[in-house]
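Chains, contacts and geometry: an overview
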Amino acid sequence: MAKQNKIRYGIIGIGKQGSRYAGQLFAGMDKNGVLTAVCDIAEDRRAWATQKFGDKVKVFDNYEALLDSKLVDVVLIDTPHYAHPVIAKTALDKDVNVLCDKPAGVYTKAVREVAQYAKENKPNLKFGLLYNQRTSKIYKAAKALIDAGELGNLKRIVWIITNWYRPQAYYSQGGWRGTWAGEGGGVLINQDPHQLDLFTWLAGSKITSVNAIARTVGRQINVENDVTATCTFENGATGVFITSTHEAPGTNRLEISGDGGKMVISGSNDFNMKLEFTKLETLEPEFSKTNTVFMGKPKSSKKTVKFMPHEVLKGLLADKGQHINVIRNFSNVMLDKEDKLVGNYEEGLNGLTFSNAIHLSAWLGRTVSPQEDGFEDTYYEELQKRIEEEKTNSVK
Ligand SMILES: NC(=O)c1ccc[n+]([C@@H]2O[C@H](COP(=O)([O-])OP(=O)(O)OC[C@H]3O[C@@H](n4cnc5c(N)ncnc54)[C@H](O)[C@@H]3O)[C@@H](O)[C@H]2O)c1
């Protein structure tokens, strides 16, 4: 892009999350970025912006006007989920770069179409996804160990992520949450996009089949808040993904095993999270082939990588702004100071495909494959059925 001092950001949707980024950009937390415009359809949010930013930031009541204003180089999309691909496409059409908050959309069909459109028609525009957890020291370390082949061939990846506790009051506040029409799902589409992305990112392989139970437990909502899913990957590994928003206390434990050992990431919050890596002295298949001892077991090496709390804390200080770090990365890429976006919009398809497959398997009561004929159309049709049903049969 043409050389300029700062990348000008516009934020579409200044609710809870968008207002956070607006505040950070306005406070100068990205030295290469500046907030020039915001937009929200809600009058109270616009009043908040006018009061907070004065005349330094232009406030719009519709995103097309913001996009036409020539005031922004990038828009950050922070509206409810269904609008993400729609607004992204409009922005690209108007030659504005896009950083979309998670999830990329509600269903893969819409996301794939926009990703394809961008690739074919707007290859010069940057089109990112705000996958802030990819910048976490712990997940980056896990990815580096896997990519370096330390785990060997992967055998299994199991994530129990049940510490997203949300009481009824959260869903009862009204608005778009907890409905098929407003949100497009429950825990899978709202809380879990980061984990679903990391699950597929760390496995480094395509999901080939999914069998799942998705239920609503103990809340007056239409969407799922309790999921148990199993899956297979193209690389031969299997996976288990368990998630909920109603268990207390919840668990966050990710276990990845391979021929070379096992990695466990655990902790209930950022301050006590740790990664432990136990490396086998001999790859497990090799050990089994050569061992002659009845009930013999492979020895693990003394090399265990472990992030003790003080190291985590140190990492966290650097990570302090996981989200602003993604914005800084976007500005840097725009200014040719960094090569790669933390997350490309198209990569949003990986976690979303898993999410859609979990829903579909639970709805149809059978194992599904994202590669089966008509997967995307069937998902879309089944989702529409739930939206229709909700109109007359809503429990929310
Ligand atoms: N990356 C993260 O860690 C993270 C964390 C929380 C939320 N999020 C994501 O942020 C997004 C917003 O979530 P939230 O909690 O801020 O919701 P919210 O309801 O607080 O805010 C959404 C805002 O968008 C506005 N809006 C709706 N349609 C609009 C339109 N067409 N044009 C302009 N504004 C519009 C609403 O009036 C509202 O103010 C969601 O996609 C959510 O998943 C991301």
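Definitions and cut-offs
- Residues numbered from 1 in each chain as written.
- Predicted model: local features only at pLDDT ≥ 70, side-chain atom pairs only at ≥ 80, totals over all residues.
- Helix = DSSP H or I, 4+ residues; strand = E, 2+ residues; numbered from the N terminus.
- Rg over C-alpha atoms; globule rule 2.2 N^0.38 Å.
- Buried ≥ 20, exposed ≤ 12 C-beta atoms within 10 Å, placed from the backbone.
- Contact = placed C-beta atoms within 7 Å.
- Pairing = 2+ DSSP bridges.
- Axes fitted to C-alpha atoms, helices over the stretch in contact; angles between N-to-C directions.
- Expected span 1.5 Å × (residues − 1).
- Near = placed C-beta within 6 Å.
- Nonpolar A, V, L, I, M, F, W, Y, C, P; charged D, E, K, R; others polar.

Some remarks on the overall build of the chain
Of regular secondary structure, the chain possesses 13 helices and 14 strands. In terms of overall dimensions, the chain is globule-like: its C-alpha atoms have a radius of gyration of 22 Å, near the 21 Å expected for 396 residues. Principal-axis analysis of the C-alpha atoms gives the chain an extent of 75 × 50 × 40 Å. Counting the 396 residues in the chain, one finds 42% classified as buried. For the chain, the proportion of contacts with a sequence separation of at least 24, taken over those separated by at least 6, is 70%.

Points about the pairing of strand E12 (residues 261–266)
A one-sided burial pattern is seen for E12, the buried positions being Gly 261, Met 263 and Ile 265 and the unburied ones Lys 262, Val 264 and Ser 266. Alignment of strand E11 (residues 252–258) against E12, held across 6 bridges, turns out to be antiparallel. The residue of E12 that forms the bridge with Arg 253 is Ser 266. Between E11 and the antiparallel strand that follows it, E12, lie 2 residues. As judged from the 6 bridges shared by E12 and strand E13 (residues 274–280), these two strands associate in the antiparallel manner. Within the sheet, the bridge partner assigned to Gly 261 lies in E13 and is Lys 279.

Topic: the sheet that holds strand E4 (residues 74–77)
Taken in spatial order, the 6 strands of this open sheet run E3-E2-E1-E4-E5-E6, and their pairing is parallel. The open sheet is flanked by strand E3 (58–60) and strand E6 (127–130), the only strands paired with a single partner. Geometrically, the sheet is characterised by an average inter-axis angle of 25° between neighbouring strands, direction not taken into account.

Focus on helix H12 (residues 348–364)
Compared with an ideal rise of 1.5 Å per residue, which puts 17 residues at 24 Å, H12 spans 24 Å between its outermost C-alpha atoms and is within 8% of the ideal. Judged by how many residues are buried, H12 sits mostly within the fold: 15 of 17 residues are covered. Downstream of H12 by one or two residues, Gly 365 has phi in the positive range, about 65°.

A short note on the site of the ligand
In the vicinity of the ligand there are 24 residues, among which Gly 13, Gly 15, Lys 16, Gln 17 and Ala 42 approach most closely. The biggest single contributor to the shell around the ligand is helix H1 (residues 16–26), with 3 residues. Grouping the amino acids of the shell around the ligand by side-chain chemistry returns 9 nonpolar, 9 polar and 6 charged.

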